[in-house]
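Examining the three-dimensional arrangement
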Amino acid sequence: MEIPYAVKPRPDTGLYNAKVGIWLFLASEVMLFGAFFSTYILLRVQAPHGFWPDVALGWPHGLLNIPIGTFNTAVLITSSVTVVMAWIALKQNQFARFRKFMAVTVLCALGFLAIKTFEYREKFGHYVIQLNDGSRITGHLNVNGSSPLLWTLKDVEAAKLEALKVEVDIPNKFRFPVGHPIPEDIHKAHQAGEHHREREIKVSDISSLKAFIPSTHPFFAIYFTMTFLHGLHVFGGAMVLFYFGFIGSGMWKTDPERFTNRIEVGGLFWHFVDLVWIFLFPVVYLL
Amino acid sequence: MSDSKHSAVADAGHHHHHHDYDFVAHKKMYWAVGAALLIGTVITVLAREWEFSSVALTVSVALFIASIKSYLVCAYFMHLLSEKKAIYLIMVTTVAFAIGMVALILSSDKDPIPGTRPKTHYVP
Amino acid sequence: MQTATTHPGSGAAHADSHAHDHHEPSFLTKYIFSSDHKIIGIQYGLTSLLFLLLGFMLMLAMRQQLAYPNQPIPIVGGLLSKVLGNDMASQGVMQADLYNAFGAMHGTIMVFLAIVPLAFGAFGNYVTPLQIGAPDMAFPRLNMASYHFFFWGGVVMLASFFIPGGAAKSGWTSYSPLATVADLNNVINGQTLWLIGMVLLITSSLLGAVNFIATIIQLRAKGMTWMRLPFFVWAQFVTGFLLLLAFPPLEAAGLLQLSDNVLGTSFFLPTGLVYNGKQLDVSGGGSPLLWQHLFWFLAHPEVYVLILPAMGIVSEVIANNTRKPLWGYRSMVYAALAIGFLAFIVWAHHMYMTGMGTKIATFFQTTTMMISVPSVIILSALFISLWGGSIRFNTPMLFALSFLPMFGIGGLTGLPLGLNASDIYLHDSYYVIGHFHYVVAPGTIFGLFAGVYFWFPKITGRMMNEFWGKVHWFFSLIAMNLIFAPMFIQGIRGMSRRMYDGGATYFSVGVGADPGILWLNKFITHAAVLLAVAQIPFIINFVWSIWFGRKVDSDNPWQATTLDWQTPTPPPHGNFASTPVAHRGPYDYSVPGAKRDFTPQDQPN
Amino acid sequence: MSFWQYLFPPANASAHGKSTDDLLLYLHLLMAVLFIGWLAYFLIAVFRFRSSANPKADHVGARSHFSTYAEIGVAAVEVLLLLGFAVPLWAKAVDQFPVATGNPATDPIEIQIMAQQFAWNAHYPGTDGKWGKQDIKFAEKNPFGLDDADPAGKDDVTCLREPFYLPVNREVICRISSMDVIHCFKLPRMRVTQDAIPGMSIPVHFKPTTPGEYMVICAQLCGNLHSGMKGEFRVVSEEEYAKWYAEKSKAGGASSFE
Ligand code: HEA
Ligand code: HEA
Ligand code: CUA
Ligand SMILES: [Cu+2]
């Protein structure tokens, strides 16, 4: 039994089945990410005015690495171009060229994920520290030259440290106007144009210490959720494209038309992943 | 819709174009769109450095550029410019619902019973 | 042209006695990993019927508690204590936690594991491709995956009963923060499994929805234009869109709540929660109302997912048994589309009491009133379809006919809920329970029963017993009304839902309302037992008829017009003996001048 | 209890409640008319067109446009109920709060209602008319987060898990909140319902007209003792209220915390 229009388009709709399928799937994805963006917007508009970390639940700005994010955006855009070039290559009957473009696409995807992992790691070693006087600072720890990840106050206690060396962040302009609770000397350092500043903080002065992880602040919660899910899409898409381009490409010989359709459909998914990032990037990195 | 029947692989899955599908021009266009997307990204990042007078303006500019970029991806990479009616219908409805969802949730949040306040402020 | 004479295999117990067209598949590929839409439909059907029964049994235990608070549950009480532990059922007495867990699971199971898979997964799968003249679904393997996600979703839900702390107990609505704090002792608690189960079920529904819509768009037989589709197909089509676009936000919300429960985030937890006299150790900054928005964004459309396929079935049965076309078919189609559209913008009528200002409340009650209009149109069209008919009162028809006034009661009682000024009084009372059970129980379930009796001969090649079918219908109809009508009274008198003690606390003399309605709890419970008893003939009839029912004497025992009946019985792999072509509308019954009182869709002139 | 009583809500005890009841009544009349009309038609149709009486069906069926008119009629009544009743009633409930004129004898009474698992608590400003200072950091000590050190709070009246009092025929504004999960402040006889949502404080107002003992129901599932979460309040004469209030105020709020 043959399913009709699995390969050839149906005359009255002009579409083959998988194309309808993928667009329907993308429609549901639009609603999925739509809900996440709604969440982002709602969390953000109801956040108190003032800037994190001085107002505990104010919205953090400028914590993500913009050059890296920009670079990653470029990587993803490149892969979007190469995937469509791969498809064109098939249409031109140039299988070797197709392979090359697929390889670049998959490599870009993996590159994207690697960079994202690096960024995550950086966040896990970044802390917000609340002092007993109510002021808060952010920065990296320096424990005997290394920067521990995912510590809590318990780990500090376990390490039997009297004082913590902290590379304190100097707030950039997107964090201003700062409220009073930022320690005075850091404020001064900012005005002097410094970017980093190491300080020793007595452990007994610390009332809480949290890494930049989802439970620390709604911003991180939504940032990690959205980028992680987007990352999953990248990963899934890369697997599929890799399969089509390399493992399952034998179909090119047996059923070239169906194979080309598959690449088109895979490409559509890939562009969608790119599309999500086009909104995600400014929303979490820039605004 | 043109459903000219070709067995040529070159036509597979791309029925809306005719025999003389111009690969060279298309390839050029795809690269151009890619370049435009990159430029858009750079502009968005730079725009952040120019200080706008208000948050609303900053957000609008960023989202405006993102919309243009997403238009480019949809229109060219995803071939929506030459896609079939059914796909349009599905996607237009979906995007309308997605926007409706965000808009209605936000307007609910912005239209509470007058006098409602965050509990953290306590005093009536 | 009557397509084929009875296929040699017809009458055999199983649907694919035709597998001999191909190499002989093993049991595993034939029944478990089949990608044939008919087998998948049957898998969905049997699984969801079992869940329907389970959902009902949970409710029977709960009803027992409502009628006789703090007395041991007869028959199963001891077992529950043993299996679920004494903190759930102590000495056979249902505890509050168990009541809440059963309540949440009754709602969840009924909606997501019983009715939707039965209406959409089973009937949709089995009948839709047949009615549009397709050999199968557009994506058979996706179809199989959809069932397997559903199955594992069900397994996870069931497993949640047996883990420490028990199943989810924050209602099927799972409002945060309760859903997050209800069981802080166990990280992997009932709510966690509920969320994981939901993610699986949602994935299943999404795959199904993509498949259904693509199938209906792409695989309609030649000549099967949009306005020649049976109304059932339209109903499934709209249902597919509701699932496709409404479920993802709940999937998102589910993941966020999962993260709140497991990773300690605060998506739905506001600042300053004090729980059990202690500040909760979370960042705060979240919004409990956001969960409600995302939940109801799904759950309102979901109620039309529950009702539309039932309306589709009822329409088929009514057209067939009045022997005349549906009256106003076109307006029914447009009404279904209008429901599908409006369903997305009424959700906050479940949230009137969350502190809505006038503007937004007016918006939502206006859209709510608007959405009642297409329902009225569909119902009116079905009523008027009776006029001038030659009505046969077989079991499917009796269920289909009863659907109409029952849905009418349920729908009409939606109106006072839909206006916020009256919902102020009725919100979260038993009036709401009465309202929606009238639509889902004597409404949807009756529609589904009609479908079971109606398509049973196509699926098995045997008829179900008419007499016992009528007994089943009669007592079910009586019992349903005895159960749900008194709930309106309880609601009007101020009784709240989800009350473990059946409302006793609030009706203690002198302070609350009068206690004059508590006896109704007993009354309702007895009626529920009657309903349970009334299902026995059905279950026996159903199982018995698979093997011993009267064999059908034709492929088209109801003398129906739609393509599903123009196939061999049961339809073979690939469905049709020859590729069908539609030459006419779906309901050419009693065409003046025609030889017979039905003209099948594939009959050329 | 007579049969008729079963069909109506328990006696209304608030000023605005009658309009709610009227709306309910009109709605149910509309529903009854529709239901009885359709049911009668349905029974007639089913009987008259049974196959034994009418062996040959009519391909076209009904030819009248009655249903269109009926549908338009239903829609019109719905519009009427919506615009004529529901919207104005809601606007009155949420937009038109009674305002204080500075006359302590007639000004609306303001109270804070704090829900917790599984009790209702009320908080009045006390005879000085000033609310004591509240802060979230004291919320672990008492539901309203009252600051013991603030003199304005010394005379605040708090009713923790005990009945609170309201004078008859005075407007009351309750600000509803919760400290843990969502509850629902429902006063059936006052025709008042408002969710108590942690993180938000939402005002409702009503005017009790009948003295008596009443119940606060929790109408939102809030945990295992949800069904046992009751609150009581008493509507009493102005004098009795003043007496109760003065005594309570003197006893002081902060001391009565658990
Ligand atoms: C299949 C399911 C289904 C259907 C179809 C409906 C249909 C409707 N529902 Fe219902 N509803 C639920 C399932 C459903 N609902 C559920 C499950 C809940 C509770 C969820 C929870 O809280 O747990 C709920 C709760 C609910 C609420 C929230 C109540 C509250 O919590 O306070 C509201 C409020 O607006 C509402 C309104 C409506 C309206 C206006 C319709 C309209 O669409 C109805 C339109 C239909 C008609 C108007 C009838 C037309 C018929 C005739 C005119 C013919 C009459 C014929 C005869 C009498 C013979 N519903
Ligand atoms: C589709 C949805 C659906 C369905 C069909 C039902 C069906 C029923 N429901 Fe349910 N109910 C809900 C959805 C549903 N319910 C929801 C969402 C809630 C709210 C939960 C919450 O508070 O969170 C609720 C709550 C609810 C309550 C309120 C509990 C409370 O607030 O404390 C009550 C009380 O009586 C109740 C009763 C019943 C009864 C008696 C039935 C009966 O009609 C059941 C009828 C079932 C049958 C008759 C079984 C037929 C099956 C077979 C015959 C099996 C055949 C098998 C084989 C052949 C293999 N339900
Ligand atoms: Cu509090 Cu229910
Ligand atoms: Cu609804």
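In what follows, the structure referred to is the one given above.
The numbers attached to residues start from 1 for each chain and follow its sequence in the written order. By the order in which they are written, chains take letters starting at A while ligands take numbers starting at 1. Residues qualify for local features only when their pLDDT is at least 70, as the model is predicted, and side-chain atom pairs are given and counted only at 80 or more; totals for whole chains, interfaces and linings, by contrast, use all residues. Processing note: side-chain calculations cover all non-hydrogen atoms of the structure and skip hydrogens and water entirely.

**A short note on the overall build of chain A**
When helices and strands are tallied, chain A shows eight helices and five strands. Ordered by position in the sequence, the α and β elements of chain A form the string α-α-α-β-β-α-β-α-β-β-α-α-α. The C-alpha extent of chain A, read off along each of the three principal axes, is 75 × 40 × 35 Å. Exposure classes here rest on a 1.4 Å probe applied to the protein chains alone. A residue is buried below 20% of its type maximum, exposed above 50%, and partly exposed in between. Burial statistics for chain A: of 287 residues in total, 61% are counted as buried. In chain A, the share of contacts with a sequence separation of at least 24, taken over all contacts with a separation of at least 6, comes to 73%. Summed over its atoms, the accessible surface of chain A is roughly 10,900 Å², and 62% of this surface lies on carbon and sulfur atoms. In chain A, which carries 25 positive and 22 negative side-chain charges, the distance between the mean positions of the two groups comes to 8 Å. The helix count covers DSSP runs of H or I at least four residues long, the strand count covers runs of E at least two residues long, and both are numbered beginning at the N terminus. Working rule for contacts: check all heavy atoms of both residues, and any pair within 4.5 Å makes them a contact. Methods summary: accessible areas were calculated by the Shrake-Rupley approach with a probe of 1.4 Å, and residue burial reflects only the protein chains presented. In this tally, Lys and Arg are treated as positive and Asp and Glu as negative; His is ignored, and so are the chain termini. For this purpose, a charge sits on NZ of Lys, CZ of Arg, CG of Asp or CD of Glu.

**A look at the interface of chain A and chain C**
At the interface, 36 residues of chain A touch 39 residues of chain C. Across the interface of chain A and chain C, roughly 3,000 Å² is buried in total on both sides, 74% from carbon and sulfur atoms. Taken as a group, Met1, Leu24 and Met31 of chain A account for 20% of the area that chain A buries against chain C, more than any other trio of residues on that side. Any Lys or Arg side-chain nitrogen located within 4 Å of an Asp or Glu carboxyl oxygen qualifies as a salt bridge. Between the two partners, chain A and chain C, sit zero salt bridges. Here a polar contact is taken to be a pair of N or O atoms separated by no more than 3.5 Å, where protein atoms must pair a possible hydrogen donor with a possible acceptor and residues adjacent in sequence count only if both atoms sit in side chains. Linking chain A with chain C are seven residue pairs in polar contact (both at pLDDT 80 or more), by the criterion used here. When residues of the side of chain A that touches chain C are traced back to their parent elements, those giving at least two are helix H1 (17-45) and helix H6 (218-247) of chain A. For the side of chain A that touches chain C, the leading source of residues is H1 of chain A, giving 15 residues. Defined here as a combined quantity, buried area equals the accessible surface (1.4 Å probe) lost by two parts on assembly, summed across both.

**So, the coordination of the copper ion (ligand 4)**
Residue and element names in this part refer to chain C. Donor atoms: N, O and S within 2.8 Å of the metal, or within 3.2 Å for Na, K and Ca. Because water is excluded, sites can look incomplete. Note on the copper ion (ligand 4): its protein donors are His300 (ND1), His349 (NE2) and His350 (NE2). The metal-donor distances range over 1.8 to 2.1 Å. Ordering the donors of the copper ion (ligand 4) by residue number gives the pattern H-x48-H-H. The metal-metal distance between the copper ion (ligand 4) and the iron atom of ligand 1 is 4.6 Å.

**Notes on the packing of helix H16 (residues 466-492) of chain C against helix H17 (residues 519-548) of chain C**
Packed helices, taken two at a time, are described by the angle between their axes plus the distance between the axes. All names here are of chain C. A fitted line through C-alpha atoms serves as each axis, taken over the contacting stretch for helices, and the angle formed by two N-to-C directions is quoted from 0 to 180°. One way to put it is that H16 packs onto H17 with a least axis distance of 8 Å and a crossing angle of 160°. As summarised for this structure, H16 and H17 are arranged roughly antiparallel, according to the angle between their axes. Taken as a pair, H16 and H17 cross one another with a handedness that is left-handed. The residue inventory of the contact of H16 with H17, partitioned by class, reads 20 nonpolar, seven polar and no charged. Throughout this description, any angle smaller than 35 degrees is read as roughly parallel, any larger than 145 degrees as roughly antiparallel, any in the 65 to 115 degree range as roughly perpendicular, and the remainder as oblique. It is the rotation of the near helix from the far one that decides the hand of a crossing: anticlockwise by less than a right angle makes it left-handed, clockwise makes it right-handed. Gly is placed with the polar residues, together with every amino acid not listed as nonpolar (Ala, Val, Leu, Ile, Met, Phe, Trp, Tyr, Cys and Pro) or charged (Asp, Glu, Lys and Arg).

**Quick word on the arrangement of the chains**
Highest in contacts among the five pairs of chains that touch are chains C and D. These two, chain A and chain D, are apart from each other, with no contact and a minimum C-alpha gap of 11 Å.

**Things to note about the packing of aromatic side chains**
The pairing test for Phe, Tyr and Trp rings, Trp by its six-membered ring, is centres within 6.5 Å, and the orientation test on the planes gives stacked under 30 degrees, edge-to-face over 60, and tilted for anything in between. The tally for this structure, following the rule as stated, stands at 94 aromatic pairs over all chains. Seen from their ring centres, tryptophan 544 of chain C and phenylalanine 548 of chain C are 5.6 Å apart, and the 45° between their planes marks the pair as tilted. With tryptophan 544 of chain C and phenylalanine 548 of chain C both in helix H17 and four residues apart, this pair spans about one turn of that helix. Ring pairs connect the aromatic residues Tyr40, Trp52, Trp59, Tyr120, Phe124, Phe212, Phe219, Phe220, Tyr223 and Phe224 of chain A, which therefore count as one cluster. For arginine 596 of chain C, the ring lying beneath its charged end belongs to phenylalanine 598 of chain C, and the centroid distance is 4.6 Å. Sitting over the face of the ring of tyrosine 425 of chain C, arginine 191 of chain D holds its NZ or CZ atom 4.9 Å from the ring centroid. Lysine NZ or arginine CZ positioned within 6 Å of the ring centre and within 35 degrees of the ring normal marks a charge as sitting over the ring.

**Remarks on the site of ligand 2**
Residues and elements named next belong to chain C. Close to ligand 2 lie 34 residues, the nearest being Arg63, Tyr99, His106, His437 and Arg498. A distance of 2.4 Å is found between an oxygen atom of ligand 2 and a side-chain nitrogen or oxygen belonging to tyrosine 99. Arginine 498 places a side-chain nitrogen or oxygen 2.6 Å from an oxygen atom of ligand 2. Looking at the shell around ligand 2, the elements with two or more residues in it are helix H2 (37-67), helix H4 (96-132), helix H15 (430-460), H16 and H17. Across the shell around ligand 2, the residue classes break down as 25 nonpolar, six polar and three charged. Residues are classed as near a molecule or strand on a simple rule: at least one heavy atom within 4 Å of it.

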